[in-house]
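Results of the structural survey
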Amino acid sequence: MNMQPNAKLEDYSGVWVVVERSESEIDPVVLELLGKAWDLAKKRNTSVTAVILGKHADQESKKLGIHGADNILGVHCPDVQDYEQEFYTRVLTELVHERKPEIILIGATPQGRDYAPRLSKRLNTGLTADCTGLDIEETTGNLLQECPTYGGNIMAIIQTVSSRPQMATVARGVFKPKIRTKASKVKVEKITYCFDATRERASTVDIIEQDGETRDVRDAEILVAGGRGMESSENFGLLEELAREIGGKVAGTRSACDLGWIEKNCQVGQTGHVVKPRLYIACGISGAIQHTIGMQDSEHIIAINKDPEARIFSIADTCIVADVLEFIPAFINAIKRFRNS
Ligand SMILES: Cc1cc2nc3c(=O)[nH]c(=O)nc-3n(C[C@H](O)[C@H](O)[C@H](O)COP(=O)(O)OP(=O)(O)OC[C@H]3O[C@@H](n4cnc5c(N)ncnc54)[C@H](O)[C@@H]3O)c2cc1C
């Protein structure tokens, strides 16, 4: 199914945020997206709808309303309890055809990254993944979707000019949640959808909880992050030791994760986690924009790199030009000596 043949761009209005729940709570990225949706809707003179697939529309209405939703659309399917890719894709496709939102925002979570591309394909519309900024162009009313591209050498502003809805995914931590100061009535609408999951080619067999690392990386107050400059998985042991000494957690760049030196769920950056710890120690990290987008708002950044021209130094508060493999052991020893003195 494509954008309906007779539909015009101006037939589409309203900003939708698709709600995701994790660990029985609304995922924080949803509240962040609602804040942004609220800004966008104001500029477009339209409303914000939070779409919940599941039976929690009433339960979550207050929280979603406080964070920016004007309407809540709950879609309940008695036969689907957990996330099902085909259920999300099919329901959202049908709802979009019927109700024609102009913008859909989705969290760049594993779940969002799973169904958003399928949805955009079925709607035959554009999707910008992992946006780092969203705004409305005054002259056209189009959604401006900011995203680093060409290896981070340029920040592209992408527009979906000839189809609707305009779709974007955004990682957790990119936007800040907002709170309405004036209470306003949230309209809740609930519909039931019949979906036979047993007839689908793909279905969820089991959900296996990740280990505790993900939450630790995202919520850590101190992060010791390593890049390709650490040279080996064994040398990441030095980062573990440093993190233990100062009460922090270890994270990594995508290169370090791809090399298997640290788990994928500890990746910081555009396609990893956006983190804002009190202290971020970047060890052997060049500072590619896809990485710095995920950590540049840390309160204090210490960068250790042997290249004095490394890009990471342009955003660091403390710059140390040194070989990490010499500096970190000396640093750990100094901390131990200080503690014992
Ligand atoms: C679409 C897309 C999404 C991406 N998403 C992410 C993301 O989410 N997160 C991410 O991190 N990257 C991401 N990347 C990859 C990103 O562009 C960079 O390639 C990556 O961040 C580089 O990792 P690095 O700094 O570990 O390695 P490098 O760029 O190779 O840098 C290694 C650094 O270590 C220094 N060094 C080497 N040896 C030593 C030593 N002994 N002592 C001190 N310093 C030393 C070098 O001078 C160099 O600066 C993405 C790329 C694309 C195209």
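Remember, predicted model here, so these are calculated numbers, not experimental data. (Residues numbered from 1 in each chain as written. Predicted model: local features only at pLDDT ≥ 70, side-chain atom pairs only at ≥ 80, totals over all residues. Heavy atoms only, no water.)

**A closer look at the pattern of salt bridges**
- For the structure on display, the rule yields 18 salt bridges.
- In this structure, the salt-bridge partner of Arg-113 is Asp-130, at a minimum N-O distance of 2.7 Å. Here the residue Arg-113 occupies a position in helix α4 (residues 110–123), and Asp-130 occupies one in strand β7 (residues 127–131), the gap between them amounting to 17 residues.
- Classification of Arg-113 by relative accessible area gives partly exposed; the value is 32%.
- A salt bridge links Asp-219 to Arg-172, with the shortest nitrogen-to-oxygen separation between them at 3.7 Å. Here Asp-219 is found in helix α5 (residues 213–219), whereas its partner Arg-172 is found in the loop between β11 (166–170) and β12 (187–192), with 47 residues between them in sequence.
- By relative accessible area, which is 45% here, Asp-219 ends up partly exposed.
- Given the relative accessible area of 22%, Arg-172 is considered partly exposed. (Salt bridge = Lys/Arg side-chain N within 4 Å of Asp/Glu carboxyl O. Helix = DSSP H or I, 4+ residues; strand = E, 2+ residues; numbered from the N terminus. Buried < 20%, exposed > 50% of the residue type's maximum accessible area, 1.4 Å probe, protein only.)

**A closer look at the environment of Gln-159**
- The residue Gln-159 is located in the loop between β10 (154–158) and β11 in this model.
- With 131 residues separating them in the primary sequence, Gln-159 and Gln-290 have C-alpha atoms 20 Å apart.
- Reaching out from Gln-159, the side chain makes a polar contact with the side chain of Glu-137 at a distance of 3.5 Å.
- A distance of 2.9 Å separates the side chain of Gln-159 from the side chain of Asn-142, its partner in a polar contact. (Polar contact = N/O pair within 3.5 Å; in protein donor to acceptor, adjacent residues only side chain to side chain.)

**Quick notes on the sheet that holds strand β8 (residues 133–136)**
- Here we have 3 strands laid out as an open sheet, ordered β8-β9-β10, and antiparallel in their pairing. Where the open sheet ends on each side, the last strands, each with one partner, are β8 and β10. Geometrically, the sheet is characterised by an average inter-axis angle of 25° between neighbouring strands, direction not taken into account.
- Summarising the sheet, strand β9 (residues 143–149) and β10 pair through 5 bridges and their orientation is antiparallel. Residue pairing for β10: Thr-149 is matched across the bridge by Ile-154. (Pairing = 2+ DSSP bridges. Axes fitted to C-alpha atoms, helices over the stretch in contact; angles between N-to-C directions.)

**Observations concerning the domain arrangement of the protein**
- For the protein, the assigned domains are domain 1 (9–199) and domain 2 (213–340).
- Facing the 13 residues of domain 1 at the interface are 10 residues of domain 2.
- Approximately 1,100 Å² of surface area, both sides summed, lies buried where domain 1 meets domain 2, with 46% of it carried by carbon and sulfur atoms.
- On inspection of domain 1 and its partner domain 2, the count reaches 1 salt bridge. (Domains from an automatic or database assignment. Contact = heavy atoms within 4.5 Å. Buried area = accessible area lost by both parts, 1.4 Å probe.)

**Some details on the nonpolar core**
- Within the largest apolar cluster, 40 residues are counted, with the highest numbers of intra-cluster contacts made by Tyr-280, Cys-283 and Ile-328.
- Counting only elements with at least two residues in this core, the list comes to β13 (222–226), α6 (236–246), β14 (249–252), α7 (254–258), β15 (279–283), β16 (300–305) and α9 (324–340).
- No other element matches the 5 residues that α6 contributes to this core.
- Those residues within four positions of Tyr-280 in sequence are excluded, and the remaining contacts are Leu-223, Ala-225, Val-268, Val-275, His-291, Met-295, Ser-298, His-300, Ile-301 and Ile-302. (Core = buried A, V, L, I, M, F, W, Y, C linked by side-chain atoms within 4.5 Å.)

**Brief notes about the pairing of β13**
- Along β13, 5 of the 5 residues are buried, which leaves the element largely enclosed by surrounding structure.
- The alternating pattern of β13 places Ile-222, Val-224 and Gly-226 and Leu-223 and Ala-225 on opposite faces, both of which are buried.
- Pairing of β13 with β15 involves 5 bridges; the strand directions are parallel. Paired with Gly-226 across the two strands is Cys-283, which belongs to β15.
- Note that β13 and β14 share 4 bridges and pair parallel. Pairing of Val-224 across the sheet is with Val-250, part of β14.
- Viewed along the sheet, the connection from β13 through α6 into β14 turns out right-handed. (Right-handed = clockwise from strand over helix to strand, strands pointing away.)

**A closer look at the layout of surface pockets**
- If you add up the space inside the second largest pocket, you get close to 460 Å³.
- Together, 26 residues line the second largest pocket, and Arg-228, Thr-253, Gly-284, Ile-285 and Ser-286 are the ones closest to its centre.
- Split into classes, the residues belonging to the lining of the second largest pocket amount to 6 nonpolar, 14 polar and 6 charged. (1 Å grid on protein atoms, 1.4 Å probe; cavity = no way out; pocket = protein on both sides within 12 Å on 5 of 7 lines; lining within 4 Å. Points joined across faces, edges and corners; volume = space filled by probe spheres on them. Nonpolar A, V, L, I, M, F, W, Y, C, P; charged D, E, K, R; others polar.)

**Description of the packing of aromatic side chains**
- Enumeration according to the criterion identifies 7 aromatic pairs in this entry.
- A centroid spacing of 6.1 Å and a plane angle of 65° characterise the contact between Phe-87 and Tyr-193, whose relative ring orientation is edge-to-face. Remark: Tyr-193 occurs in the loop between β12 and α5 and Phe-87 occurs in helix α3 (residues 85–99); sequence separation between them is 106 residues. Per residue, the accessibility class of Phe-87 equals that of Tyr-193, and both read buried.
- Ring geometry for Phe-327 versus Phe-331: centroids 5.6 Å apart, planes at 35°, classification tilted. Note that Phe-327 and Phe-331 are positioned in helix α9 at a spacing of 4 residues, about one turn of the helix.
- Look at Phe-327 and you get partly exposed, because its relative accessible area is 25%.
- Given a relative accessible area of 27%, Phe-331 falls into the partly exposed group. (Phe/Tyr/Trp six-rings, centres within 6.5 Å; stacked < 30°, edge-to-face > 60°.)

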